[in-house]
Each structure stands twice: as structure tokens, then as C-alpha cells.
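Close look at the chain arrangement
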Amino acid sequence: NPPIQEIIDFNLVSDFINLLNNSYPEFQYEALWCLTNIASGTSDQANTIIVKGGLNQIISLVDSPIEELQNQAVWTIGNLAGDSSKSREQIIQQKGFEKIINVFSSTQRNSLIKNCTWAISNFLKIKPIMKYENCESCIIHIIRGINLLSEDIDFLIDACWVLSFMTENYKKSISVILDSNILPLLFKFLNL
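Residues numbered from 1 in each chain as written. Predicted model: local features only at pLDDT ≥ 70, side-chain atom pairs only at ≥ 80, totals over all residues. Heavy atoms only, no water.

A few points about the side chain of S121
Spelled out, the test is: In DSSP terms, a helix is any run of H or I states spanning at least four residues, a strand is any run of E spanning at least two, and both are numbered starting from the N terminus. Each residue's exposure class comes from its accessible area (1.4 Å probe, protein chains only) as a fraction of the maximum for that residue type: buried when under 20%, exposed when over 50%, partly exposed otherwise. The contact definition used throughout considers only heavy atoms, calling two residues in contact when any of these lie within 4.5 Å.
Inspection of the secondary structure assignment puts S121 in helix α9 (residues 110-125). Among the residues examined, S121 registers a relative accessible area of 6% and is labelled buried. Contacts of S121, omitting those with residues within four sequence positions, involve D158, V162 and F165.

So, in C-alpha cells, the structure goes:
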């Protein structure tokens, strides 16, 4: 039961946002971790981060060369995106979703593949649905992740959720999935 409201009431959100610009990655990481927790609260609590102007700094940390900061930024964005369609749209407008897709497409780090997949599932579960053009490339990256992490049950659950949201909301995605030859591997997961 984290003291999210107490932190907001003491006006500490702005302080955490300011620490994202600190030259010490340790401070950035701890501040980002606090913001991740706040973003997991109620809609009003999560929205405090956006109202206080923290979204741009969080999104910029997706490009960090420091793996821990990159992972934590993706996690924070995933929490915010899963909160409401309004938050999700603001993240999309500020290129946050695009940055997650770009990082996801190029990383070989398992932890980042897993975090990106989870965050993408949060973007896709919110209604109204995103434009297909914004998320169509998710499929190939999810399939690549499934091939790389075919033994990681938690990742596979998130990956299957992404594929489920894609096929439910975008009928065009069905043929892409069928053409990818991923189905035999997905069938194997039914026996896990």
C-alpha cells in the first residue's frame, strides 16, 4: 500500500520530475522508480505526472544508454498508457510509443524486450483503439521476441496478449501473423 497520495499532497512529484535531469544516473533511476509507482495509482494520481510536466523527461529517458534507466522509463510509460486513453494519446503525440517501438526493434536485452512487450500490451488494451498504422510493426517485434524468449512464461503471456489485442482490434493483423509461421510455436505453448 504505497503512500502515493501522501507524496502528491506533499508536492514531491515535481521534485521527482526535476531529479530526472540530474547528472547522477542513480538519482534519475530512483526518481523514475518513484514516478513509476505513482503512475500505478489511480487515474488522478497517475495524471499528476503529466500535469506536472514529467512526460517529456520520462520519454527522453527511453533513449538513455543506461539500461536500468531505459527499462524504468518504459515501465513508467507503460503504467501511464494503461491508465486511460487520454494519457495514452498524450504519450503517442509526444512520440513515446514510437520510441518504445524503436528501442524494441533494436534491442537484444531480454529485460528490455520483456518491458517493451508489457508496455505495448497496455497501449493496445485501452479503448478506443489506436490507429493500426501506429502499431502494425508491433507484430514483427513480438514475433522476434517470442523466438528469442520462448521459455519465459511471463513474457509469453504478455506477448500473447499483444497478439490477442492485435487480432481482436485489427483484422489486417491476422494475415501478418499467419504469414509469420509463428503458429506452430504458439500451439506448443498450449501444452506448457
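So, next bit.
Quick look at the packing of aromatic side chains
Our working definition: Each Phe, Tyr or Trp ring (for Trp, its six-membered ring) is paired with any other whose centre lies within 6.5 Å, and the angle between the two planes then decides the class: stacked below 30 degrees, edge-to-face above 60, tilted in between.
Summed over all chains, the structure comprises six aromatic pairs. An angle of 90 degrees between the planes, with centres 5.8 Å apart, marks the rings of Y24 and F27 as edge-to-face. Here the aromatic cluster, defined as three or more aromatic residues joined through ring pairs, consists of Y29, W33 and W75.

So, the nonpolar core
Selection rule: To form a nonpolar core, buried Ala, Val, Leu, Ile, Met, Phe, Trp, Tyr and Cys residues must be joined to one another through side-chain atoms within 4.5 Å.
Counting 61 residues, the largest nonpolar core has L35, F97, I120, F123, L124 and I146 as the members making the most contacts within it. Contact partners of F97, with chain neighbours within four places excluded, come to I91, I92, I120, F123, M130, N134, C135 and C138.

Regarding a nonpolar patch on the surface
Defined as follows: Patch membership requires more than 30% relative accessible area and the absence of a salt bridge. Residues of like charge join within 9 Å; the nonpolar side chains Val, Leu, Ile, Met, Phe, Trp and Tyr join within 5 Å. Computed with a 1.4 Å probe, the accessible areas rest on the Shrake-Rupley method; for each residue, only the protein chains presented here act as cover. Salt bridge criterion: a side-chain nitrogen from Lys or Arg within 4 Å of a carboxyl oxygen from Asp or Glu.
On the surface, a nonpolar cluster with roughly 290 Å² of combined accessible area is contributed by L19, Y24 and F27. Secondary-structure assignment places Y24 in the loop between α2 (13-19) and α3 (25-39).

Digging into the state of the cysteines
Basically, it comes down to this: The disulfide definition used here is simple: a pair of cysteine sulfur atoms within 2.5 Å.
Under the criterion given, the structure shown has zero disulfides. There is no disulfide at C116, and the cysteine sulfur nearest it, in C138, is 10 Å away. Unpaired in terms of disulfides, C160 finds its nearest cysteine sulfur in C138, a separation of 15 Å.

Points about the layout of surface pockets
What counts here: Cavities and pockets were defined on a 1 Å grid built from protein atoms only: a cavity is a group of points that admits a 1.4 Å probe but offers it no way out, a pocket is an open group of points flanked by protein on both sides within 12 Å along at least five of seven lines, and a lining residue is one with an atom within 4 Å of any such point. Grid points are joined across faces, edges and corners, and a volume is the space filled by probe spheres set on the points. Side-chain classes follow a simple rule in which Ala, Val, Leu, Ile, Met, Phe, Trp, Tyr, Cys and Pro form the nonpolar group, Asp, Glu, Lys and Arg form the charged group, and the remainder, Gly included, forms the polar group.
Taken as a whole, the largest pocket spans an internal volume of roughly 160 Å³. What lines the largest pocket is simply I92, K95, F97, E98, I101, E133, N134, C135, E136 and S137. Looking at the lining of the largest pocket, the elements with two or more residues in it are α8 (96-106) and α10 (132-135). A per-class count over the lining of the largest pocket returns four nonpolar, two polar and four charged.

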